[in-house]
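Fold and geometry: a report
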Amino acid sequence: MKVLVVGSGGREHAICYCVAKSEKADKIYCAPGNAGISALAECVPIGAMEFDKLVAFAKEQQIDLVIVGMDDPLVGGLVDELEAAGIRTFGPRKNAAILEGSKAFSKDLMKKYNIPTAAYENFTDPDKALAYLETAKFPIVLKADGLALGKGVLICQNLEEAKEGVKTIMLDKKFGTAGNEMVIEEFMTGREVSVLSFVDGNTIKTMTSAQDHKRAGDGDTGLNTGGMGTFSPSPFYTKEVEAFCEKYIYQATVDAMKAEGRPFKGVIFFGLMLTEDGPKVLEYNARFGDPEAQVVLPRMKNDIIEVMEACIDGTLDQVDLQFEDNAAVCVVLASEGYPVSYEKGIPISGLEEFDRHEGYYCFHAGTKFDGDQLVTNGGRVLGVTAKGKDLKEARANAYAATEWVQFANKYMRHDIGKAIDEA
Ligand SMILES: Nc1ncnc2c1ncn2[C@@H]1O[C@H](COP(=O)(O)OP(=O)(O)O)[C@@H](O)[C@H]1O
Ligand SMILES: [Mg+2]
């Protein structure tokens, strides 16, 4: 069959890697893709938000399955448009992708269906938000309602900071229309775990757990980024935690969406915090995480197309989802200066080593070809993933592999997966 993957990051590279492994895929396209993806798929120069062009391309090429990897097109309704044109598509429709697209919606959903999450209030009026803060406990968390590239959450230590935060989100509109509404919620403490899942509208099957590292610097210092590295599984996601989440969170979320007339088909990403009062949902995403996908998907034993088709057809209950009994670590190689400012167009070398080693992967995020030369083309450049029999081995392997890769302004964190030493 012919498959079209929509997106251009490391996550889409990992998806393409799995699709390429599938016996069912004869031809893979990726729109717009990147230099690394072009080794597995034919990249077509159509942006992920160019819905008309994507639909036209899928019809013209008689694509059998479209996989939408990114949040913006999902929340914008790309799946609905492709389906309306008769094209089979993996991913939630617009009315379900709101689970990620509106934090106010997801908080109200959790409250209504008793899914554990931080206490909160939603606000559309900045004056009411400011008045509420006067009597609030600190620290407190402010969240822009809509998509904000992972930057719309502000943790405020005191009233002054929080007032400034309301101004930033709702009045200055730093995150654009994402700040038309805002969630103010209780500050929680605990370890964070990400759990990805496949969902077919009724049935949910969770994948192996993962943990990411959002801050730019070692020891969780510096600015927030798209993600500097991940490990999987998380040793903090114990059987006990899993049992709790199965009882109160996973199926409850799928059932709640169905009850609201918004059946969810695709990937739900549960951002969890393991608090003293038990696991609570920080947020939902409506797609694979990036770079979580880069440690989860290489460990999946199933044929990804079979699983995705089962999600579309509502037959996920018949799928035995299996992961390898090992571990993986992904270290992101970024451009020095990311996420603020950095140079691009710098030659990259050493990637041929990944073809010579089993269990090592180099997923491209921001790269392109300048003639024949691979060059950097973004803040996050590459995701170096390695497997190992356990997390320690996977971490050592991943860091060894980062040495294979050279580019002049290479930057990485040196403590990805360090938390496992405390487990
Ligand atoms: N209620 C909370 N208490 C403590 N930390 C939080 C809370 N909500 C969010 N955070 C922190 O902020 C990060 C980003 O928040 P999240 O809701 O995941 O939004 P997004 O990923 O869209 O930016 C979380 O990973 C967590 O570290
Ligand atoms: Mg998050």
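Every value quoted in this text rests on a predicted model; they were computed, and no experiment measured them.

**Here's the deal with the UniProt feature "domain: ATP-grasp" (unreviewed entry) in the chain**
Within this structure's numbering, the places UniProt gives as "domain: ATP-grasp" (unreviewed entry) are residues 107–313. Between the end C-alpha atoms of residues 107–313 the distance is 29 Å, and the span holds 30% helix and 32% strand.

**Comments concerning the nonpolar core**
Val66, Tyr250, Phe270 and Leu272 are the most contacted members of the largest nonpolar core, which has 50 residues in total. It is helix α9 (residues 239–259) that provides the largest number of residues to this core, a total of seven residues. The contact partners of valine 66, leaving out residues within four places of it in the chain, are Leu4, Val6, Ala58, Leu82, Ile87, Arg88, Thr89 and Phe90. The next biggest cluster of nonpolar side chains, apart from the first, holds 43 residues, and it includes Ala14, Cys30, Val295 and Val319.

**Quick notes on the pattern of salt bridges**
Any two side chains of opposite charge can pair, on the condition that their charged atoms come close. The full count for this structure, using the stated rule, is 25 salt bridges. One salt bridge in this structure joins aspartate 220 and arginine 413, with 3.1 Å as the shortest N-O distance. Pair noted here: aspartate 220 is in the loop between β12 (215–217) and β13 (221–224) and arginine 413 is in the segment after β22 (410–411), with a separation of 193 residues, a long-range link. A salt bridge links lysine 389 to glutamate 393, with the shortest nitrogen-to-oxygen separation between them at 3.0 Å.

**Describing unusual backbone geometry**
Alanine 31 connects to proline 32 through a cis peptide bond whose omega is -10 degrees. On the secondary structure map, proline 32 appears in strand β2 (residues 27–32). Notably, leucine 149 is not glycine yet its phi reads approximately 55 degrees, a positive angle. Its place among the elements puts leucine 149 in the loop between β7 (140–144) and β8 (153–156). If you check the backbone angles, aspartate 220 has positive phi at about 55 degrees while not being a glycine. Under the relative-accessibility criterion, aspartate 220 is labelled partly exposed at 46%.

Conventions and cut-offs
Residues numbered from 1 in each chain as written. Chains lettered and ligands numbered in written order. Predicted model: local features only at pLDDT ≥ 70, side-chain atom pairs only at ≥ 80, totals over all residues. Heavy atoms only, no water. UniProt positions renumbered as here; feature names shortened; annotations may be inferred. Helix = DSSP H or I, 4+ residues; strand = E, 2+ residues; numbered from the N terminus. Core = buried A, V, L, I, M, F, W, Y, C linked by side-chain atoms within 4.5 Å. Buried < 20%, exposed > 50% of the residue type's maximum accessible area, 1.4 Å probe, protein only. Contact = heavy atoms within 4.5 Å. Salt bridge = Lys/Arg side-chain N within 4 Å of Asp/Glu carboxyl O.

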